Amino acid sequence: MKMETFMNVSRDSDQTGDVRVSVVIPTYCSGPRLDEALASVDAQTLPAEQIEVLLADDGSPDGTPERVTELARSRPRTRAILLEHSGWPSRPRNAGLEAAAGDYVVFMDHDDELYPGGLEAAVAMADRTGADVVTAKESRTDQPKWALEVFTQNFDDASERDDDIHSLRPTNPHKLFRRSFLLEHGVRFPEGQRVMWEDVFFSIDLAAAGARTAILADVPFYHWVRHGTTASSTYTQDLAEWWRWLGAILEAVDERLERGSKDHDLMLWHQYRNRMITGVGERLLRLPDSERPSVLARVAEMFTRVDPSMDERLPRHLAARAALARAGEWDLLLDLLAVDGGLVGTAEVTDVRWDADGQLVVSFTTTWTTDAGGLALRQEGDRVLRVLPEHLAGRVPAELLDVTDDLAAATTTLAVRSRDDAVTWEVPTEQRVEVTGEDGELVVRLRGKARIDPATAALGRPLAAGVWDLSARAELFGVLNHRPLRTAAPPRVALVDGESRVAYKNDSKGLTIDLGQTKRTVLGSAKVRPSAATTEHRRFGADGYRLPLPSVSVHGRTRIEGGVVLQPVDPQPATLVADGDGARIEGDLDAPPGEYRIIGNFGGRDVELDTVVRVDRGGRLTFTEPRPR
């Protein structure tokens, strides 16, 4: 039998006494993404001598054990742990925890990344607050909406939240943990060949042990990189297994957390709202006949564990599903799901502009549709009721057909997402819901307006230079979708205190902001007006000129050095200027008499301007629009 091996390659520089953070990375048949994970550790702003890496291999059958052993030999402050194959990341994480030397421990998957300032900010918060856990801002490659409702602001003490979000959400291990707390209270990941949601059980044990939690929302910490199939992505392949493990989670919540406590209520609510109710979907009800009775019996039994009073917290759209599930009306539930199918909110820009303060003001409208078209609603006095097929309307409790309050609670919040690293930030959004009668039907629209200040949009911090895609997080009847914000508007350009900002329609017809001319340049997005150009004739030397960019919004003063080319004359220096007189290109032109088309470059790329300059024999300049070719 393969023996458990602990590789510790010592160097004089590898002293563990000053280690603040131990990064534990389970490995199993790890590919090239492991190198990127380690590179993200090496890029941390926390001093390198304060970080150690423990690579815990779970008995990989390929060359990964040799690879991590070599990494331990070649990298400073890196150790390797070679284990017998357990079949799940729990054992490697636990082994890493037990071998760790840091004050804090971070559990990192072998294909994920840490954001550069994440460890430093999380350690500082834990040191200052005494927190046992720091739930720090996380992003996912495949879900712009991921955990945005969690990371709304920093909390030194997450128990002070006044919403329905448990302080340990998202209940995954991508956090900073105080190592001594885990060891003292025996908090470990449950081990086994296949333990679904092992991180949820870990979180329940943390709560049961009384872990003090802080929330770090304004500094990106962890990038959950999703690509291809992972162990967790196989969870829904076997629904009988899925419901069996969900039942085990409910049992753990009831057994380990004090009933009536805030921890118990919020943890149970999260599992009920986001797993049980979501899990009662069409796929469950279309199980093969041979599997359906046993699985539905399990589902029915689980609904008996959750007090019906919890349904009162559900939007009525979802409460109707819960009512039919509790009654065992599975065929009716299937019919209801067909009626509800494809509910989605789509947000489209109605106006976009840069204001005098350099903020992007985006007005938009969200409309909701289903697979059948519009929403089936009717007005009754001042109330709005759902219209269901007769056989359903008579079986769904009458009070659950009144969706007036749910319509009023509909929301759409805009967010910006970095193309470079997938970090997403919600932005303040004003909104109002309208229900109007059109062509004999009730139509639901949400009209909203968001102001995006790149200097403060990252929860008070500036957005990094680069490309940021706008999206809309729309929710109605408890159904949430997060989609690109569609636009048909032309580009809008601003020069703000030395920086360029371009809002434009991307190739997918979504709205995007370019900060710093990363993809879209000022000259490629804003037209010059040659008819308004001014020139200064000089008896000696080149003539000066000012070529206006009237559509560019200006805040403060900006000077961007660049140049222009009068084909085929050599490049000549020029400056992109913005101040109280507006935006313009300024410079001197020295060229032989003739007519020239102009190319400008103020962002690293040549852009042909819709402008021709004529130079007469005296060197005087005249700017005009080019003649049609």
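Bear in mind the structure is a predicted one, so any value in this text is a computation, not a measurement.

Secondary structure assignment for the protein chain yields 14 helices and 33 strands. In terms of its C-alpha atoms, the protein chain occupies a principal-axis envelope of roughly 95 × 80 × 45 Å. Taken over 629 residues, the protein chain has a buried fraction of 53%. For the protein chain, restricting intrachain contacts to residue pairs at least 6 apart in sequence, the fraction spanning at least 24 positions comes to 69%. Of the accessible surface of the protein chain, which amounts to about 27,600 Å², a share of 47% is contributed by carbon and sulfur atoms.

This paragraph deals with helix α6 (residues 198-208). Burial analysis of α6 places nine of its 11 residues in the buried class, the great majority of the element. Those residues of α6 lying buried are Glu198, Asp199, Val200, Phe201, Phe202, Ser203, Ile204, Leu206 and Ala207. At the C-terminal side of α6, Gly210 shows a positive phi close to 80 degrees.

This part covers the packing of aromatic side chains. Applying the stated rule across the entire model yields 11 aromatic pairs. The interplanar angle of 80 degrees and the centroid separation of 6.0 Å between the aromatic rings of Tyr272 and Phe303 together place this pair among those described as edge-to-face. One end of the pair, Tyr272, is in helix α8 (residues 262-279); the other, Phe303, is in helix α10 (residues 292-303), and 31 residues separate them in sequence. Since its relative accessible area comes to 0%, Tyr272 is described here as buried. Overall, the relative accessible area of 2% leaves Phe303 in the buried class. A connected cluster of aromatic rings, assembled from ring pairs, spans Phe107, Phe177, Phe189 and Phe202. Taking the ring centre of Trp425 as reference, the NZ or CZ of Lys137 above it sits at 4.5 Å. Of note, Arg140 hangs over the ring of Trp224, and the distance from its end group to the ring centre comes to 4.4 Å.

A separate point is the pairing of strand β18 (residues 429-438). Pairing geometry for β18 and strand β19 (residues 441-452), over 10 bridges, is antiparallel. Opposite Glu438, over in β19, you have Glu441 as the bridge partner. Linking β18 to β19, which pair antiparallel, is a turn of two residues; within it Asp439 sits at a positive phi near 55 degrees.

The subject of this paragraph is helix α7 (residues 239-256). The terminal C-alpha atoms of α7, which comprises 18 residues, lie 25 Å apart, in line with the 26 Å expected from a rise of 1.5 Å per residue. For α7, the secondary structure elements touched by its buried residues are α6, α8, α9 (282-285) and α10. The opening residue of α7, the one whose side-chain oxygen lies 3.1 Å from the backbone nitrogen of Ala240, is Asp238.

A few words now on the sheet that holds strand β25 (residues 534-536). The strand order β25-β26-β30-β29-β28-β31-β32-β33 describes an open sheet built from eight strands, whose pairing is antiparallel. Whereas interior strands pair on both sides, the edge strands pair on one side only; in this sheet they are β25 and β33 (621-624). Neighbour-to-neighbour, the strand axes of this sheet turn through a mean angle of 30 degrees, independent of strand direction. Across six bridges, strand β29 (residues 572-579) lies against strand β30 (residues 582-589) in antiparallel orientation. Note on β30: the bridge partner recorded for Ala574 is Gly587.

Let us look at the nonpolar core. With 70 residues, the main nonpolar core has Leu182, Leu206, Trp243 and Tyr272 as its most contacted residues. Ranked by residues supplied to this core, first place goes to α7 with eight residues. Sequence-distant contacts of Trp243, that is, excluding residues within four places in its chain, are made with Met276, Gly279, Val280, Leu284, Val295, Arg298, Val299 and Met302. With 45 residues, the next largest nonpolar core counts Val21, Val41, Val134 and Ala217 among its residues.

Attention now goes to the side chain of Arg275. As for its placement among the helices and strands, Arg275 is situated in helix α8. Looking at Arg275, its side chain comes within polar contact range of the side chain of Gln271, at 2.7 Å. Discounting residues that sit within four places of it in the chain, Arg275 has contacts with Trp197, Val200, Trp242, Leu246 and His270.

What follows concerns the pattern of salt bridges. Under the defined criterion, the tally for this structure stands at 53 salt bridges. A salt bridge links Arg386 to Asp340, with the shortest nitrogen-to-oxygen separation between them at 2.4 Å. Pair noted here: Arg386 is in strand β15 (residues 383-386) and Asp340 is in helix α12 (residues 330-340), with a separation of 46 residues, a long-range link. Judged on exposure class, the residue Arg386 and its partner Asp340 are both buried. The salt bridge partner of Arg473 is Glu426, with a shortest N-O separation of 3.6 Å. Placement of the pair is Arg473 in strand β20 (residues 466-476) and Glu426 in strand β17 (residues 424-426), with a sequence separation of 47 residues.

What follows covers the pairing of strand β22 (residues 492-496). Of all five residues that make up β22, four are buried, and the element is covered over most of its length. Relative to strand β23 (residues 499-505), β22 is paired through five bridges, and the arrangement is antiparallel. When the sheet's bridge partners are listed, Arg492 is paired in β23 with Ala503. Hairpin connection of β22 to β23: two residues between the antiparallel strands, including Asp497 at a positive phi of 50 degrees. Pairing geometry for β22 and strand β27 (residues 553-555), over three bridges, is parallel. Residue Ala494 lies in a different strand from β27, and its bridge partner there is Ser553.

If you trace the backbone, Arg20 turns up in the loop between β1 (5-7) and β2 (21-27). Among the polar contacts made by the side chain of Arg20, one reaches the side chain of Asp103 at a distance of 2.6 Å. The contact partners of Arg20, leaving out residues within four places of it in the chain, are Gln50, Gly102, Asp103, Tyr104, Val123 and Asp127.

With that out of the way, let us pick up the sheet that holds β18. Reading across from one edge, β12-β13-β19-β18 is the order of the four strands in this open sheet, with antiparallel pairing throughout. Each edge of the open sheet is held by one strand with a lone partner, namely β12 (344-354) and β18. In this sheet, neighbouring strand axes are inclined to one another by 20 degrees on average, regardless of whether the strands run parallel or antiparallel. Bridge count for strand β13 (residues 360-369) against β19 is eight bridges, and the pairing is antiparallel. For Thr365, the partnering residue across the bridge sits in β19 and is Arg447.

Counting all residues, the mean pLDDT for the protein chain is 94, and 96% of those residues have values of 70 or more. pLDDT under 50 marks residues 9-13. Its contacts with residues more than four places away, or in other chains, come to nine contacts.

Our focus in this paragraph is unusual backbone geometry. Note that the residue after Arg169, namely Pro170, is joined by a cis bond; omega there is -10 degrees. One can find Pro170 in the loop between β8 (138-140) and β9 (176-178). Cis geometry marks the peptide bond from Gln567 to Pro568; its omega dihedral reads 5 degrees. Relative to the elements of secondary structure, Pro568 occurs in the loop between β28 (558-566) and β29. A positive phi angle, close to 45 degrees, is found at Cys29, a residue other than glycine. Along the polypeptide, Cys29 turns up in the loop between β2 and α1 (33-42). On the accessibility criterion, Cys29 (33% relative accessible area) is partly exposed. Although it is not a glycine, Ala422 adopts a positive phi angle of roughly 70 degrees.

Procedures and definitions
Residues numbered from 1 in each chain as written. Predicted model: local features only at pLDDT ≥ 70, side-chain atom pairs only at ≥ 80, totals over all residues. Heavy atoms only, no water. Helix = DSSP H or I, 4+ residues; strand = E, 2+ residues; numbered from the N terminus. Buried < 20%, exposed > 50% of the residue type's maximum accessible area, 1.4 Å probe, protein only. Contact = heavy atoms within 4.5 Å. Areas by Shrake-Rupley, 256 points an atom, 1.4 Å probe, with all protein chains shown as cover. Phe/Tyr/Trp six-rings, centres within 6.5 Å; stacked < 30°, edge-to-face > 60°. Lys NZ or Arg CZ within 6 Å of the ring centre and 35° of its normal. Pairing = 2+ DSSP bridges. Expected span 1.5 Å × (residues − 1). Polar contact = N/O pair within 3.5 Å; in protein donor to acceptor, adjacent residues only side chain to side chain. Axes fitted to C-alpha atoms, helices over the stretch in contact; angles between N-to-C directions. Core = buried A, V, L, I, M, F, W, Y, C linked by side-chain atoms within 4.5 Å. Salt bridge = Lys/Arg side-chain N within 4 Å of Asp/Glu carboxyl O. pLDDT = per-residue confidence, 0-100.

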